[in-house]
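Chain by chain, the residues run as shown.
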Amino acid sequence: MFGPPGSGKGTQSVTLAEKYNLLHLSTGDMLRAELKAGTGLGKKMEAIMAAGELVPDEVVIEMIAQKIDSTTGKKGFVFDGFPRTVEQAEALQKMLEVRGMKIDLMLVLEVNDVELMDRMKKRALVSGRADDADEAVINNRIEVYRSKTEPVIEYGRSTGVSRQVDGVGSIEDIFDRLCSHIETII
Ligand code: ADP
């Protein structure tokens, strides 16, 4: 599941995972859990996340590999907020390949910057996330998305798995749009 911060990746991924018996894997959630638990890793990542920068590739790659290897009873995975760089995408592809799996679909939620800012400001009131509370940090996250993460969409296009989805509308309508893409591959 792809899309800029505030595009609804998290919301939609959770429901899609339930519907299709997939494991929802959000690197953002995993990192926030480390922060909350006060682990050494969490402490190291805190300032990077608060500034809206990306944590090092190897940190998230390792987290994802561990989850893939410890999961049973699911039909697959919904990756949310990962891969976020071309290096992460290449690592994911290799990681799946050696385990006899592959990326089936890359759903890209498209939302304009004005709508994104608006949603993030609203989310700041309820999320309690430091990186949602500051307009400069939100702007930086969108900027980091455009410069480091958008190239991953090109990578997905070159392998034929990416689908663009209009991310503006009601949560239910967007969910239906996403499901219609999934239905074409199952
Ligand atoms: P959002 O997409 O709403 O900005 P996430 O919960 O996906 O939020 O991520 C929050 C923060 O966690 C990011 O700004 C970044 O600092 C860190 N992070 C999450 N996933 C990754 C990743 N795959 N690579 C590097 N940093 C990540």
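Residues numbered from 1 in each chain as written. Predicted model: local features only at pLDDT ≥ 70, side-chain atom pairs only at ≥ 80, totals over all residues. Heavy atoms only, no water.

Draft legend 1. Structural context of helix H4 (residues 57-70). For H4, built from 14 residues, the straight-helix expectation of 20 Å at 1.5 Å per residue is met to within 8% by its first-to-last C-alpha distance of 20 Å. Packed against the buried residues of H4 are strand E1 (22-26), helix H2 (27-37), helix H3 (40-50), strand E2 (76-80) and helix H5 (86-97). (Helix = DSSP H or I, 4+ residues; strand = E, 2+ residues; numbered from the N terminus. Expected span 1.5 Å × (residues − 1). Contact = heavy atoms within 4.5 Å.)

Draft legend 2. Here's a closer look at the nonpolar core. Ranked by internal contacts, the top residues of the largest apolar core, which has 18 residues, are Leu31, Val55, Ile64, Ile68, Phe79 and Leu92. Elements supplying a minimum of two residues to this core: H2, H3, H4, E2 and H5. Among the elements that make up this core, the one with the highest residue count is H4 (6 residues). Once residues lying within four places of it in the same chain are set aside, the contact partners of Leu31 are Met45, Met49, Val55, Val59, Val60 and Met63. Core analysis: the second largest hydrophobic core is formed by 15 residues, Leu16, Ile174, Cys179 and Ile182 among them. (Core = buried A, V, L, I, M, F, W, Y, C linked by side-chain atoms within 4.5 Å. Buried < 20%, exposed > 50% of the residue type's maximum accessible area, 1.4 Å probe, protein only.)

Draft legend 3. Seen up close, the site of the ligand. Around the ligand there are 19 residues in total, and Lys9, Thr27, Arg32, Glu53 and Arg141 lie nearest to it. A distance of 2.9 Å separates a nitrogen atom of the ligand from a polar atom in the side chain of Gln88. Here Arg129 contributes a side-chain N or O atom positioned 3.1 Å from an oxygen atom of the ligand. Computed on the free molecule, the ligand has an accessible area of 550 Å², of which 97% lies beneath the protein chains in the complex. When residues of the shell around the ligand are assigned to their parent elements, the largest contribution, 4 residues, is made by H2. Its residues assigned to classes, the shell around the ligand shows 7 nonpolar, 4 polar and 8 charged. (Near = heavy atom within 4 Å. Polar contact = N/O pair within 3.5 Å; in protein donor to acceptor, adjacent residues only side chain to side chain. Areas by Shrake-Rupley, 256 points an atom, 1.4 Å probe, with all protein chains shown as cover. Nonpolar A, V, L, I, M, F, W, Y, C, P; charged D, E, K, R; others polar.)

Draft legend 4. Local environment of the pattern of salt bridges. Enumeration over the complete set of coordinates arrives at 14 salt bridges. We note a salt bridge from Arg146 to Asp113, for which the minimum N-O separation is 2.5 Å. With a gap of 33 residues between them, Arg146 in helix H7 (residues 135-158) and Asp113 in helix H6 (residues 113-127) connect regions that are remote in the sequence. Accessibility expressed as a relative area gives 29% for Arg146, which makes it partly exposed. By relative accessible area, Asp113 is classed as partly exposed at 37%. Note that Glu115 is salt-bridged to Arg119, the shortest N-O span being 3.0 Å. Of the two residues, Glu115 and Arg119 are both situated in helix H6; the distance of 4 residues between them amounts to about one turn of the helix. Here Arg119 falls in the partly exposed class, since its relative accessible area comes to 22%. One salt-bridge network, in which partners are shared between bridges, spans Arg123, Arg129, Asp131, Asp132 and Arg141. (Salt bridge = Lys/Arg side-chain N within 4 Å of Asp/Glu carboxyl O.)

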